Structure formats: structure tokens, C-alpha cells
Amino acid sequence: PTSAQVSVVPHSGRFCYTLDNDLLTTEQRQFYEDNGYLLIKKLVSDEDIERFRKEFTRICKREVKPPGLMIMKAESLRSQFGQSENVVNKVQDFQEDEELFRYCTLPEVLKYVECFTGPNIMAMHTMLINKLPDSDKQTFLHPMHQDLHYFPFRPASRIVCAWTAMERAHQDNGCLVVQPGTHKTTLKPHSYPEWEGKTNKLFHGLLDEDEKIPKVHLVMEKGDTVFFHPLLIHGSGINRTSGFRKSISCHFASSECHYIDVKNTTQEHLEKELEEMVHKKYNATSVELKDIWNFRARLVQGERINL
């Protein structure tokens, strides 16, 4: 099951990962509580998805250049293709692109986000993923990871990712793979996987993956949206088809969340890597992780408190 399609008897005691509201059923809340994700069918319209797709193409062709946008290209294909979607596997930090950022403000998405974050909602991290057709080199396989590894703010239970399929996602084209219930664990150490060939920037994975935990492949239709907890262990497989597999996502957080210092934690090496990237791109001398996130973050509902 990928959502609360089955009726379950709720546990006694309160819910830890969702807030009281009249949108989610008790079964849906219990499903998220137990599994760390919840899939909502046909949430985003075909019209909106088409608009996002067109804007992505414009970005790839450099017809629009939003400030702060990070275009991530496949290292292995740089020489083969020029400036086209054949080489762009991700655009990140699209908060300054008016057209793509509409995704983060869609009322149908925000009403679900509020069930996890509460009424004061920040859009913290945005991505449009264009999973390229792959060979056995596994270049675009995203290793199993926890998103909280990237975030210097807490508490984790007031952060949620909304991830929308822009076309049918299934095992052959590298759909999301989740390990249900792992959101109840702690943040684990991450690093670059020891794969042959070039690894794409910031594609960190778990250093020690527990193969015994069952995996669920989230088969999703266009417009289906999954909401998941930042500690849920997840990844995505190889795209074995000849087409692209696109998705659009945003990590939302309650504006009441607070920044933490990642020094002397498993996240410290990530801070260094991000600071180096920002220094290289903007020639900024002293940049802290908090500054980078302050630049990315946008209020989408309610009031801005801490973040």
C-alpha cells in the first residue's frame, strides 16, 4: 500500500508526525505515523504540470536565467550534448523563478503541507528532477538517503517534502523507493557512494545501508503527490527507458523551526562542501550554512517567525 487505502485501527495515544486538522482521515494520519509517507492521487493538475515542463525547457535552453538557480548537469554527458534537457538532470533552488515557484504556492498542495507543518509555512528547498535515461553505469541512481542530512533546521517532524510526479513513475524509469517506518530512526552518517565513474555533486547516500529493511517502490501517475518525512530513508533507481522521468518537489518547514549548528555533527562535511560551492559561484568569502538557507527560504503561508 502506498497510502491509507486500507482501514487500520488507530493506536492509542496522540499522533507525533501530523497535526490535528480536518483534512486527513484517521487512517491517513495513522499511515503516515507508521510509514513516514502518504500518497495523494491526482493532486496537481495536468495544466500546471505542463506549465512547469515548459519552464524547465526554457531554463535548459537558457531562455530564462533566474537568480540563485542551480542547474545540475550529468558529468558524464557534458561533452556529448550542448545546452539541452539531454544533459540537465536537476534544477535546484528555483525560488526566484516565478513560474516554477507556483508549485510551492498551489493551494491544493499547501492544504496538505499544513497537516505536517502547521499554518506558518516556509518553502525551504526546491527541485525539478529530470531523471535521464541511464546505462548500467548507474550515473543517475540516487543512493538511499535521508533528506534531513541536508537541512540545518529542526524539529524534523515539522518538515515535510511534497514530491509530484510529472509523468508516470514506475520501476523501469526509476521511481522513488522508500523504506517504510525509517522516519522513526535517527539521522545517519552520509557520504558519496563508492561507485565507479563520476558521481553527481551532492548525491550523498547512507554510509551503512540496512538491506534487511523492506523497500517499497512508489508507482505514481502524473499529478500524484507523495508527502514524506525528512528522516524517511528513500532513493530512486535507474531510468532504463529511453524517455525522461520528471518530478517537481519542495521541502516545506514550519517557520517556527529553528536553525542548528552542525559543527561536530555528521552534517559538518556537507556544510564545507556547500560553502565551497557558493564561494566558487558567487565569490563570497564568508558564508555560513544558515546564510545559504536564508537566501533559499520563502514564506508561502502565515507569518515568518524563525527561519
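On a predicted model such as this, the values are computed, not experimentally measured, just so you know.

Draft legend 1. Local environment of the overall build of the protein. A tally of helices and strands in the protein yields six helices and 16 strands. Burial status across the protein gives 55% buried among its 307 residues. Taking the intrachain contacts of the protein between residues at least 6 apart in sequence as the baseline, contacts between residues at least 24 apart amount to 81%. Just so you have it, the protein exposes about 13900 Å², and 49% of that area is on carbon and sulfur atoms.

Draft legend 2. Main features of the sheet that holds strand 5 (residues 142–145). The antiparallel open sheet is built from four strands, whose spatial order is 5-13-8-11. Each edge of the open sheet carries a strand with a single partner, namely strand 5 and strand 11 (216–217). As judged from the three bridges shared by strand 8 (residues 176–178) and strand 13 (residues 234–236), these two strands associate in the antiparallel manner. By the bridge assignment, V177 is partnered in strand 13 with G235.

Draft legend 3. Here's a closer look at the pattern of salt bridges. Using the criterion set out here, one finds 15 salt bridges in the structure. E99 is paired through a salt bridge with R102; the nearest N and O atoms lie 3.8 Å apart. Of the two residues, E99 and R102 are both situated in helix 3 (residues 98–105); the distance of three residues between them amounts to about one turn of the helix. For E221, the salt bridge identified is with R168, shortest N-O distance 2.9 Å.

Draft legend 4. Broad picture of the environment of R53. Its location among the elements puts R53 in helix 2 (residues 46–60). For R53, a relative accessible area of 18% translates into the label buried. Here the side chain of R53 touches M166 through a polar contact of 2.9 Å, landing on its backbone oxygen.

Draft legend 5. Here's a closer look at the packing of aromatic side chains. Tallying each qualifying case throughout the model produces nine aromatic pairs. Between the aromatic rings of F31 and Y37, the centroid separation amounts to 5.4 Å while the plane-to-plane angle is 90°, which identifies the pairing as edge-to-face. The exposure class of F31 is buried, given its relative accessible area of 8%. For the ring pair F153 and W293, a centre distance of 5.4 Å and an interplane angle of 75° mean the geometry is edge-to-face. Here F153, found in strand 6 (residues 153–154), pairs with W293, found in helix 6 (residues 289–296); they are 140 residues apart in sequence, far enough to count as distant. Like W293, F153 is buried. Put simply, the rings of Y32, Y112, F116 and F227 touch in pairs and so form one group of aromatic residues. For R296, the ring lying beneath its charged end belongs to W293, and the centroid distance is 4.4 Å.

Draft legend 6. Here's a closer look at helix 2. The end-to-end C-alpha distance of helix 2, which contains 15 residues, comes to 21 Å, matching closely the 21 Å that a straight helix rising 1.5 Å per residue would cover. Every buried residue belonging to helix 2 is among D48, I49, F52, R53, E55, F56, I59 and C60, and all of these are buried. Projected onto a plane normal to the axis of helix 2, the buried residues spread over an arc of 165° and lie on a single side. Residues of helix 2 that are exposed and point over 90 degrees away from its buried face: E47 and K54. Just beyond helix 2, the residue with positive phi is R62, at close to 65°.

Draft legend 7. Representation of the side chain of E167 within the structure. One can find E167 in the loop between strand 7 (159–165) and strand 8. Separated by 2.5 Å, the side chain of E167 and the backbone nitrogen of K246 make a polar contact.

Draft legend 8. Molecular detail of the packing of helix 2 against helix 3. Remark: helix 2 packs on helix 3, axes separated minimally by 8 Å, with the N-to-C direction vectors making an angle of 145°. In terms of crossing hand, the pair formed by helix 2 and helix 3 is left-handed. Listed contacts from helix 3 to D48, R51, F52, E55, R58 and I59 of helix 2 are E99, L100, R102 and Y103.

Draft legend 9. Highlighting the nonpolar core. With 54 residues, the main nonpolar core has Y103, C104, V109, W163, F227 and F252 as its most contacted residues. What C104 contacts, discounting residues up to four positions off in sequence, is F94, L110, A123, T126, C250, F252 and V300.

Draft legend 10. Representation of the pairing of strand 1 (residues 37–40) within the structure. The alternating pattern of strand 1 places Y37 and L39 on one face and L38 and I40 on the opposite face, and all of these are buried. By the bridge criterion, four bridges tie strand 1 to strand 12 (residues 225–228) in an arrangement that is antiparallel. Bridge pairing in strand 12 places L38 opposite F227.

Definitions and cut-offs
- Residues numbered from 1 in each chain as written.
- Predicted model: local features only at pLDDT ≥ 70, side-chain atom pairs only at ≥ 80, totals over all residues.
- Heavy atoms only, no water.
- Helix = DSSP H or I, 4+ residues; strand = E, 2+ residues; numbered from the N terminus.
- Buried < 20%, exposed > 50% of the residue type's maximum accessible area, 1.4 Å probe, protein only.
- Contact = heavy atoms within 4.5 Å.
- Areas by Shrake-Rupley, 256 points an atom, 1.4 Å probe, with all protein chains shown as cover.
- Pairing = 2+ DSSP bridges.
- Salt bridge = Lys/Arg side-chain N within 4 Å of Asp/Glu carboxyl O.
- Polar contact = N/O pair within 3.5 Å; in protein donor to acceptor, adjacent residues only side chain to side chain.
- Phe/Tyr/Trp six-rings, centres within 6.5 Å; stacked < 30°, edge-to-face > 60°.
- Lys NZ or Arg CZ within 6 Å of the ring centre and 35° of its normal.
- Expected span 1.5 Å × (residues − 1).
- Arc of directions from axis to C-beta.
- Axes fitted to C-alpha atoms, helices over the stretch in contact; angles between N-to-C directions.
- Left-handed = near helix turned anticlockwise from the far one by under 90°.
- Core = buried A, V, L, I, M, F, W, Y, C linked by side-chain atoms within 4.5 Å.

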